[in-house]
Amino acid sequence: MEVKLQEAKDSIRDVIDFPKKGIVFKDITTMLKDEKHLATLVDTLYNQYKDKGITKVVGLESRGFILGTVLAYRLGAGFVPVRKPGKLPSPTYSEKYSLEYGEDEIFIHQDALDSNDVVLLHDDLLATGGTAKASINLLNKFNLKNVYVNFLIELDFLKGREKLDTYYDVDSVFHF
């Protein structure tokens, strides 16, 4: 890993027992507040995807919106949010997924994408893979030309990548 990326990774703060006991939360705000780290991340992601023909960046609520919108701008692509229940005003597709203690659901507008789109799905974290898998299932409803999947952070020990469709190119900037 190049020095600038390593410095950005080192600036990520661990918050013990957040949002609940036993969890070590990876707080990216300490990294994002530093303009050099932010520029390094955006430049790294832009360089990785600039020649892929991306037409839309799909960001997952809510931290996937942070770099997703900036990346969409840099790539000359549109931005499409995947939201939680009750947040999108027009007809949507939805996908349910399992949590530790129950179920959740995510939504995307039915007119957000079409079969001519090449999509970069972006989120800040790949942990157990539930949200990412549900998001990919949502994207599959559009019969897209191609999908790339990117995470800022992957928690390798949780093996979330194993839940994802191996058909897609999946990449993470940082591994813990």
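Please refer to the structure higher up on the page.
All values derive from a computational prediction rather than experimental measurement.

Some thoughts on helix α3 (residues 35-49)
Taking 1.5 Å per residue, 15 residues should reach 21 Å; α3 reaches 21 Å between its end C-alpha atoms and fits that length. Taken together, the buried positions of α3 are occupied by H37, T40, L41, V42, L45 and Y49.

Details of the pattern of salt bridges
A complete count under the given rule lists 8 salt bridges for this structure. K26 is the partner of D14 in a salt bridge, and the nearest nitrogen-oxygen pair spans 2.7 Å. Of this pair, D14 sits in strand β1 (residues 13-16) while K26 sits in strand β2 (residues 24-27); the two residues are 12 residues apart in sequence, bridging distant segments of the chain. For K26, a relative accessible area of 15% translates into the label buried. One salt bridge connects D43 with R74, and the closest N-O pair in it is separated by 2.8 Å. Taken together, the positions of D43 in helix α3 and R74 in helix α4 (residues 64-75) put the pair 31 residues apart, joining distant regions of the chain. Under the relative-accessibility criterion, D43 is labelled partly exposed at 35%.

Side note on the packing of α3 against α4
Across the interface, α3 lies against α4 with an axial gap of 10 Å and an inter-helix angle of 55°. It follows from the interaxial angle that α3 and α4 lie oblique. At the point where α3 passes α4, the crossing takes the right-handed sense. Within the contact between the two elements, α3 uses L38, L41, V42, D43, L45, Y46 and Y49 and α4 uses L67, V70, L71, R74 and L75. Of the residues contributing to the contact of α3 with α4, the split by class is 10 nonpolar, no polar and 2 charged.

Considering the packing of helix α1 (residues 3-10) against α3
Across the interface, α1 lies against α3 with an axial gap of 9 Å and an inter-helix angle of 120°. Classed by the angle they form, the pair α1 and α3 counts as oblique. Relative to α3, α1 is oriented so that their crossing is left-handed. Residue-level contacts link K4, L5, E7 and A8 of α1 to H37, T40, L41 and T44 of α3.

Thoughts on the pairing of strand β8 (residues 146-154)
Among the 9 residues in β8, 8 count as buried, and that is most of the element. When strand β7 (residues 118-126) meets β8, the two strands line up parallel, connected through 8 bridges. Bridge assignment links L126 to a residue of β8, and that residue is E154. In terms of handedness, the path from β7 via helix α5 (residues 130-140) over to β8 forms a crossover that is right-handed. Taken together, the 6 bridges between β8 and strand β9 (residues 169-175) define a ladder with parallel strand orientation. Counterpart to E154 in the pairing with β9 is H175.

Comments concerning the nonpolar core
Membership of the largest hydrophobic core comes to 26 residues, with the highest contact counts inside it found for M31, L41, I54, L75, L120, L152 and F174. Secondary structure elements with two or more residues in this core: α1, α2 (29-32), α3, α4, β7, β8 and β9. With residues up to four places along the chain from it excluded, the contact list for I54 reads Y49, L75, A77, V118, V119, L120 and Y148. By size, the runner-up hydrophobic cluster in this structure holds 25 residues, among which are V80, Y97, V119 and Y168.

Some words on the sheet that holds strand β3 (residues 56-60)
Reading across from one edge, β4-β3-β7-β8-β9 is the order of the 5 strands in this open sheet, with parallel pairing throughout. Edge strands, defined here as strands with exactly one partner in the open sheet, are β4 (78-82) and β9. Averaged over all pairs of adjacent strands, the angle between strand axes in this sheet comes to 20°, irrespective of strand direction. The strands touched by α3 within the sheet are β7, β8 and β9, with β8 carrying the most contacts at an inclination of about 155°. Across the sheet, α5 is in contact with β3, β4, β7 and β8; its angle to β7 comes to roughly 165°.

Reading guide: rules and limits
- Residues numbered from 1 in each chain as written.
- Predicted model: local features only at pLDDT ≥ 70, side-chain atom pairs only at ≥ 80, totals over all residues.
- Heavy atoms only, no water.
- Helix = DSSP H or I, 4+ residues; strand = E, 2+ residues; numbered from the N terminus.
- Expected span 1.5 Å × (residues − 1).
- Buried < 20%, exposed > 50% of the residue type's maximum accessible area, 1.4 Å probe, protein only.
- Salt bridge = Lys/Arg side-chain N within 4 Å of Asp/Glu carboxyl O.
- Axes fitted to C-alpha atoms, helices over the stretch in contact; angles between N-to-C directions.
- Parallel < 35°, antiparallel > 145°, perpendicular 65-115°, else oblique.
- Left-handed = near helix turned anticlockwise from the far one by under 90°.
- Contact = heavy atoms within 4.5 Å.
- Nonpolar A, V, L, I, M, F, W, Y, C, P; charged D, E, K, R; others polar.
- Pairing = 2+ DSSP bridges.
- Right-handed = clockwise from strand over helix to strand, strands pointing away.
- Core = buried A, V, L, I, M, F, W, Y, C linked by side-chain atoms within 4.5 Å.

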